[in-house]
Amino acid sequence: MKKVRKAIFPVAGFGTRFLPVTKTQPKEMLPVVDKPVIHYLVEEAVASGIEEIILVTGRGKRAIEDYFDKSFELEHTLVERGKHDLLKEVLDIPNLARFVYVRQPIPMGDGHAILQALELVRDEPCAVMFGDDLVFGDRPALSQLIDEYERSGDSVIAVTEVPDEDLSKYGVVSLEGEFGDSNSARIDGFVEKPLSLSEAPSNYGVIGKYVVTPDVMNMLERVQDKFKEDEIDGEIRLADAFGLALDDNLSIKAKIVDGKRFDTGSKIGMLKASVEVALSRDDLKDEFMEYLKGKL
Ligand code: G1P
């Protein structure tokens, strides 16, 4: 079985939910305390065995490329000032993995973004990580998906239990059986953003982490071909490829990931993630806790 060595990050979106800050700043670069969200995600991928990070960027996203690049002037200044700890942190960033960039010329959906990286992953399973979901826990969330892929050879979608009132924001899976000991189950249906509760087949919502096998990639290409043939305007979504794959009876797994999840694509999720990280940091937690207590 081929190893999952590469991860695609579609990061070309506008980040409208965080305007005005995202007018000049990619949303993936918004900090949770002192690291951008995308840095946490790259660390998660690397800790899961990923060697190559493929960032699908677009206009206005150059800050991401600069972030994962060397910064001679900054490094020089830190050396001169004797700031060795900070220097080490800065030097480590470009060495996290091999970084590759492709552009998505027009924002035509996450599936279209992923297709821009197709030639880089052909015939290999790959991870796909959307820029929003941080999961903190003992084991990196992506590695839990990769374990399931290695067990079954199937594509794997991360899911989490979602309360009724939030289901309309998620892709919701319908399951063939129960989640077993491995916390995974075969999917037999998929409803992207159900309009009403009665349309939601379960309470398990998709979070933006996947292992995608080449056959699902082929489905994504088929979706694109259909768009071209029928001159359809609109977004090509990874969710559409999963829909086609299920129609074709391909086996796809849902996996409940262990850990505390934060949706940094929403303001409240971003605030919660910041509090969580701050309270886990020795340099911040005491003073910050005092401050929070004073607010209660
Ligand atoms: C995407 C997926 C959806 C998933 C969500 C998780 O939607 O299409 O299935 O539940 O990410 O964040 P988006 O939120 O990008 O519209």
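Each value, and the rule that gives it
Residues numbered from 1 in each chain as written. Predicted model: local features only at pLDDT ≥ 70, side-chain atom pairs only at ≥ 80, totals over all residues. Heavy atoms only, no water. Helix = DSSP H or I, 4+ residues; strand = E, 2+ residues; numbered from the N terminus. Rg over C-alpha atoms; globule rule 2.2 N^0.38 Å. Buried < 20%, exposed > 50% of the residue type's maximum accessible area, 1.4 Å probe, protein only. Contact = heavy atoms within 4.5 Å. Areas by Shrake-Rupley, 256 points an atom, 1.4 Å probe, with all protein chains shown as cover. Lys, Arg positive; Asp, Glu negative; His and termini not counted. Charge placed at Lys NZ, Arg CZ, Asp CG, Glu CD. Pairing = 2+ DSSP bridges. 1 Å grid on protein atoms, 1.4 Å probe; cavity = no way out; pocket = protein on both sides within 12 Å on 5 of 7 lines; lining within 4 Å. Points joined across faces, edges and corners; volume = space filled by probe spheres on them. Nonpolar A, V, L, I, M, F, W, Y, C, P; charged D, E, K, R; others polar. Near = heavy atom within 4 Å. Polar contact = N/O pair within 3.5 Å; in protein donor to acceptor, adjacent residues only side chain to side chain.

**A few points about the overall build of the protein**
Here's step 1: Looking only at helices and strands, one finds eleven helices and 13 strands in the protein.
Here's step 2: Expected size for 296 residues packed as a compact globule is a radius of gyration near 19 Å; at 20 Å, the protein falls within 12% of this value.
Here's step 3: By its C-alpha atoms, the protein is 60 × 45 × 40 Å across when sized along the principal axes.
Here's step 4: Out of the 296 residues belonging to the protein, those deemed buried represent 48%.
Here's step 5: Long-range pairs, those at least 24 residues apart, make up 77% of the contacts in the protein with a sequence separation of at least 6.
Here's step 6: When the accessible area of the protein is evaluated, it comes to approximately 15400 Å², of which 50% is carbon and sulfur surface.
Here's step 7: Computing the positive centroid from 38 side-chain charges and the negative centroid from 55, the protein places the two 4 Å apart.

**Some thoughts on the environment of Arg151**
Here's step 1: Residue position: Arg151 is located in helix H7 (residues 141-152).
Here's step 2: Judged by its relative accessible area of 57%, Arg151 falls in the exposed class.
Here's step 3: Measuring from C-alpha to C-alpha, the distance between Arg151 and Lys27 comes to 35 Å, with 124 residues separating the pair along the chain.
Here's step 4: Setting aside residues up to four positions removed in sequence, Arg151 forms contacts with Ser182 and Ser184.

**A look at the pairing of strand S8 (residues 155-161)**
Here's step 1: Among the seven residues that make up S8, six are buried, leaving the element largely enclosed by the rest of the structure.
Here's step 2: Of the pairings in the sheet, the one linking S8 to strand S12 (residues 252-256) comprises five bridges and is parallel in character. Directly across from Ile157, in S12, lies its bridge partner Ala254.
Here's step 3: Summarising the sheet, S8 and strand S11 (residues 204-212) pair through five bridges and their orientation is antiparallel. The residue bridging Ile157 from the neighbouring strand is Tyr210, located in S11.

**Details of empty space enclosed by the protein**
Here's step 1: Across all of its chains, the model carries one cavity of 30 Å³ or more by this definition.
Here's step 2: In this structure, the largest cavity encloses a volume near 50 Å³.
Here's step 3: Taken together, Phe18, Lys27, Glu28, Leu30, Val37, Gly131, Asp132, Thr264, Gly265 and Met270 make up the lining of the largest cavity.
Here's step 4: Classifying every residue of the lining of the largest cavity gives four nonpolar, three polar and three charged.

**Focus on the site of the ligand**
Here's step 1: Every residue lining the ligand is accounted for by Phe130, Asp133, Tyr170, Gly171, Glu192, Lys193, Val206, Gly208, Tyr210 and Arg237.
Here's step 2: Val206 places a main-chain nitrogen or oxygen 2.6 Å from an oxygen atom of the ligand.
Here's step 3: Interatomic distance of 3.2 Å between a side-chain N/O atom of Arg237 and an oxygen atom of the ligand.
Here's step 4: Out of a free accessible area of 380 Å², the ligand has 80% covered by protein chains.
Here's step 5: Taken together, the residues of the shell around the ligand sort by class into four nonpolar, two polar and four charged.

**Description of the side chain of Glu44**
Here's step 1: Mapped onto the secondary structure, Glu44 falls in helix H1 (residues 37-47).
Here's step 2: Look past the residues within four positions of Glu44 in its chain and what remains in contact with it is Met129, Pro140, Ala141, Leu142 and Lys209.

**With respect to the layout of surface pockets**
Here's step 1: The space that makes up the largest pocket amounts to roughly 1400 Å³.
Here's step 2: Around the largest pocket sit 49 residues that line it, and Arg17, Lys27, Phe130, Asp132 and Lys193 are the ones nearest its centre.
Here's step 3: Sorting the residues of the lining of the largest pocket by element identifies helix H5 (110-115), S8, strand S10 (184-192), S11, helix H9 (238-247), strand S13 (260-263) and helix H10 (267-279) as the ones contributing at least two each.
Here's step 4: Of all the elements, S11 adds the most residues to the lining of the largest pocket, at four residues.
Here's step 5: A class-by-class count of the residues in the lining of the largest pocket yields 21 nonpolar, twelve polar and 16 charged.
Here's step 6: Its boundaries defined by the atoms lining it, the second largest pocket holds a volume of some 380 Å³.
Here's step 7: In terms of lining, the second largest pocket is formed by 16 residues, of which the most central are His39, Tyr67, Glu89, Val90 and Ile93.
Here's step 8: Elements that contribute at least two residues to the lining of the second largest pocket include exactly strand S3 (35-36), H1, helix H2 (62-67) and helix H4 (84-92).

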